[in-house]
Amino acid sequence: MTDDSGMTLREQLGGAAEPDFEIDLPAGWERREVGDEDRAELSAAMRKRFLSIQRPDLYAVVRAMVDNSYEAMQSEGALAYYAATTGDEDTLWIPGSIIVSKRAATPEITLDQMVAHAIREFGAKPLFGDKRFIRFERDEIVKAGDASIGLTTVEYLTPIPTTKRRRALHFTATVSRPAEADADDEQVVASKQLYDACISTLRWVPPRGA
């Protein structure tokens, strides 16, 4: 990948620093940083949204999901997440999000071994045939507050340039549904297809502030 000057990304970064990343997003979605301030802002925005459509019951369920997601993101050291948060009238509302974290090789296990494990245990495959990405998914019924919901999770791994295949970007995309709905529900399938399309647009850019 080069910029308008003809320099490669590695040359722009001096061959060492890890790049930042961007993906194309649905209408009304944005990248958010993980933190307590963002958590409070998001909860307030969701409350306003669900009360405006007179569904406080849905707000209670989604609020519990957000709390669970934040606890998971903070415990796993998530870098950022993407979600429908702008509230524009054209916003594409999906009951889910995309969380971004990093995976690192250790002296005991290489990144290639992680990939091999995902292929063997979870049936991971290249995304749209592009072997730079592997994709796998799982489906389960989980507790969200006092309710149970169906949750489909799609995960993607791709090596980070400049790290010599020792670190990878890890996208975790989720979509929820009523517990009684099938995992191949039309909305779930459409959401997974949208996530695939978004992740496939990944591009590496110089770090913020560089």
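A brief look at the structure comes next. (Residues numbered from 1 in each chain as written. Predicted model: local features only at pLDDT ≥ 70, side-chain atom pairs only at ≥ 80, totals over all residues. Heavy atoms only, no water.)

1. Quick notes on the pattern of salt bridges
Working step 1: Within the structure shown, the criterion is met by 16 salt bridges.
Working step 2: A salt bridge links Glu18 to Arg167; its shortest N-O distance comes to 2.6 Å. Linking Glu18 in the loop between helix H1 (9-12) and strand E1 (20-22) with Arg167 in strand E8 (residues 167-178), this pair joins segments that are 149 residues apart in sequence.
Working step 3: With its nearest N and O atoms 2.9 Å apart, the salt bridge here joins Arg203 to Asp24. Of the two residues, Arg203 sits in strand E9 (residues 203-205) while Asp24 sits in the loop between E1 and strand E2 (29-33), which places them 179 residues apart along the sequence. (Salt bridge = Lys/Arg side-chain N within 4 Å of Asp/Glu carboxyl O. Helix = DSSP H or I, 4+ residues; strand = E, 2+ residues; numbered from the N terminus.)

2. Thoughts on the side chain of Asp196
Working step 1: By the element assignment, Asp196 lies in helix H5 (residues 186-199).
Working step 2: Setting aside its immediate chain neighbours within four residues, Asp196 contacts Leu127, Phe128, Arg135, Val154 and Tyr156. (Contact = heavy atoms within 4.5 Å.)

3. As for the packing of aromatic side chains
Working step 1: This model, assessed by the stated rule, comprises three aromatic pairs.
Working step 2: Aromatic side chains Trp29 and Tyr195 sit 6.3 Å apart centroid to centroid with 70° between the ring planes, which places their arrangement in the edge-to-face category. Linking Trp29 in strand E2 with Tyr195 in helix H5, this pair joins segments that are 166 residues apart in sequence.
Working step 3: The exposure class of Trp29 is buried, given its relative accessible area of 6%. (Phe/Tyr/Trp six-rings, centres within 6.5 Å; stacked < 30°, edge-to-face > 60°. Buried < 20%, exposed > 50% of the residue type's maximum accessible area, 1.4 Å probe, protein only.)

4. Details of the sheet that holds strand E7 (residues 147-159)
The pairing of strands in a sheet happens through backbone hydrogen bonds and is either parallel or antiparallel.
Working step 1: Strand order across the open sheet formed by seven strands is E2-E3-E4-E8-E7-E6-E5, with antiparallel pairing between neighbours. Because the sheet does not close on itself, it has two edges, and the strands there are E2 and strand E5 (125-127). Neighbour-to-neighbour, the strand axes of the sheet open up by a mean angle of 30°, direction not taken into account.
Working step 2: Looking at chain direction, E5 and strand E6 (residues 130-144) are connected through three bridges and run antiparallel. (Pairing = 2+ DSSP bridges. Axes fitted to C-alpha atoms, helices over the stretch in contact; angles between N-to-C directions.)

5. Notes on the environment of Val189
Working step 1: Considering the arrangement of structural elements, one finds Val189 in helix H5.
Working step 2: Classification of Val189 by relative accessible area gives partly exposed; the value is 29%.
Working step 3: Taking the C-alpha atoms as reference points, Val189 and Thr152, 37 residues apart in sequence, are found 9.7 Å from one another.

6. Some remarks on the nonpolar core
Working step 1: Core analysis: the largest hydrophobic core is formed by 23 residues, its most contacted members being Ile98 and Phe171.
Working step 2: If you look at the next biggest cluster of nonpolar residues, it comprises 11 residues, including Tyr70, Met73, Ala83 and Ile99. (Core = buried A, V, L, I, M, F, W, Y, C linked by side-chain atoms within 4.5 Å.)

7. Considerations on the environment of Pro26
Working step 1: Inspection of the secondary structure assignment puts Pro26 in the loop between E1 and E2.
Working step 2: Residue classification places Pro26 among the buried residues on the basis of a relative accessible area of 11%.
Working step 3: Each C-alpha atom of the pair Pro26 and Ala197 lies 10.0 Å from the other, and the pair is 171 residues apart in sequence.
Working step 4: Once residues within four sequence positions are removed from consideration, Pro26 is found in contact with Leu92, Leu194 and Cys198.

8. Quick look at the pairing of strand E4 (residues 96-104)
Working step 1: For strand E3 (residues 80-84) and E4, the ladder comprises three bridges, and the chain directions are antiparallel. Bridge assignment links Tyr82 to a residue of E4, and that residue is Ile98.
Working step 2: Sheet analysis places E4 next to E8, joined by nine bridges and oriented antiparallel. The residue bridging Ile99 from the neighbouring strand is Thr172, located in E8.

9. Here's the deal with the side chain of Ser101
Working step 1: By secondary structure assignment, the location of Ser101 is in strand E4.
Working step 2: What makes Ser101 buried here is its relative accessible area of 8%.
Working step 3: Residues in contact with Ser101, not counting those within four places in the same chain, are Gly77, Ala78, Leu79, Ala168, Leu169 and His170.

10. Some words on H5
At 3.6 residues per turn, the α-helix brings residues three or four places apart onto the same side.
Working step 1: For H5, which comprises 14 residues, the first-to-last C-alpha distance of 20 Å matches the rise-based estimate of 20 Å (1.5 Å per residue) to within 8%.
Working step 2: Three or more residues of H5 are buried, namely Val188, Ser191, Lys192, Tyr195, Asp196, Cys198 and Ile199. Take H5 and look down its axis: the buried residues cluster within an arc of 165°, on one side only. Away from the buried face of H5 by more than 90 degrees, exposed residues Glu186 and Gln193 are located.
Working step 3: Packing partners of the buried residues in H5 comprise E2, E4, E5, E6, E7 and E8.
Working step 4: With a side-chain oxygen lying 2.9 Å from the backbone nitrogen of Gln187, the N-terminal cap of H5 falls on Asp185. (Expected span 1.5 Å × (residues − 1). Arc of directions from axis to C-beta. Polar contact = N/O pair within 3.5 Å; in protein donor to acceptor, adjacent residues only side chain to side chain.)

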